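Spelled out from the first residue to the last, the chains are:
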Amino acid sequence: MMRVRAPSIWIGFCALLLSALSISPWAHAQTARSRIGRPAALACAQAANSGQFDDAALALCDSALLDPDLTRTTAVALYINRGAMHLRRKEAALALADFDEVVKREPKNAEGFVNRGAALVLLGRAGPAVASLTQALSYGVREPHKAFFNRGAAREALGDARGALEDYETALAIKPDWAPAEQELARFIRSKRDGLLARLADADLGEGDREPEAEGEDPNSQSASSIPAPPPVRSK
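Nothing here was measured: the structure is a model prediction, and the numbers come from that model.

Visitor: Can you help me understand the packing of aromatic side chains in this one?
Guide: Each aromatic ring pair is summarised here by two numbers: the centre-to-centre distance and the angle between the ring planes. For the structure on display, the rule yields four aromatic pairs. Here the aromatic rings of Phe113 and Tyr139 are separated by 5.7 Å at their centres, their planes lie at 55°, and the arrangement is tilted. Linking Phe113 in helix α5 (residues 110-122) with Tyr139 in the loop between α6 (126-138) and α7 (144-157), this pair joins segments that are 26 residues apart in sequence. Looking at Tyr139, the relative accessible area reads 31%, which means it is partly exposed. Considering the side-chain rings of Phe149 and Trp178, the 5.4 Å spacing of their centres and the 70° angle between planes classify their relative orientation as edge-to-face. One end of the pair, Phe149, is in helix α7; the other, Trp178, is in the loop between α8 (161-174) and α9 (179-208), with 29 residues separating them in the sequence.

Given below as structure tokens:
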């Protein structure tokens, strides 16, 4: 059964610059870098990596994608950046459409599958999200701790407590002291502990509702009133 708790997810951007770009800390990005010389695509990348996702930033990416001379690599990065902006705007369906374009053009694009999984989690489609994130991990995603974190959120939404716990723990094992994983793991364990205590309390109340047995009474014995009477004997 799907949980109603809003999941925590991590979103990736693509840095489309002529040289390596340090990603803004807030983005917690899964990044792919490509060398381009197209101003519109560069403007879209700069907007995404500076944390912009307003209408003007989206318009930069829309304009860049209209360029008929885009290389496949540049187009893929543009779709990832625009999709990430849609996720920040809580437009998960539009984000999913962009990430579907990514994996259609590059069927083994690990970062595309990571972001696709994040969009699916936000759409409440936890099963496909787990599948997408598992594919990302199999293709060698650059920051696997974030993929495990997102997959843990999807598994928790499916009610797979064991799987969610394993993924949160794996994320923390890959990147020790990573605050988001520490916080989510602590919340997860606390929620399971509280649920267990509530069930134990309910069980104790149920036991208290039972009537005590009379002293010296054999609980396996039957009272006289509970023993069925023998059938009547017919006279010949």
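Visitor: Which parts of the structure should I look at to understand the packing of α7 against α8?
Guide: Between two packed helices, both the angle of their axes relative to each other and the distance between the axes serve to describe the pair. Across the interface, α7 lies against α8 with an axial gap of 8 Å and an inter-helix angle of 165°. Our classification of the angle between α7 and α8 gives roughly antiparallel. Handedness of the crossing formed by α7 with α8: left-handed. Counting all contacts with α7, which are made through Pro144, His145, Phe148, Phe149, Arg151, Gly152, Ala153, Arg155 and Glu156, the residues of α8 involved are Gly163, Ala164, Asp167, Tyr168, Thr170, Ala171 and Ile174. Split into classes, the residues belonging to the contact of α7 with α8 amount to eight nonpolar, four polar and four charged.

Thresholds, definitions, all that
Residues numbered from 1 in each chain as written. Predicted model: local features only at pLDDT ≥ 70, side-chain atom pairs only at ≥ 80, totals over all residues. Heavy atoms only, no water. Phe/Tyr/Trp six-rings, centres within 6.5 Å; stacked < 30°, edge-to-face > 60°. Helix = DSSP H or I, 4+ residues; strand = E, 2+ residues; numbered from the N terminus. Buried < 20%, exposed > 50% of the residue type's maximum accessible area, 1.4 Å probe, protein only. Axes fitted to C-alpha atoms, helices over the stretch in contact; angles between N-to-C directions. Parallel < 35°, antiparallel > 145°, perpendicular 65-115°, else oblique. Left-handed = near helix turned anticlockwise from the far one by under 90°. Contact = heavy atoms within 4.5 Å. Nonpolar A, V, L, I, M, F, W, Y, C, P; charged D, E, K, R; others polar.

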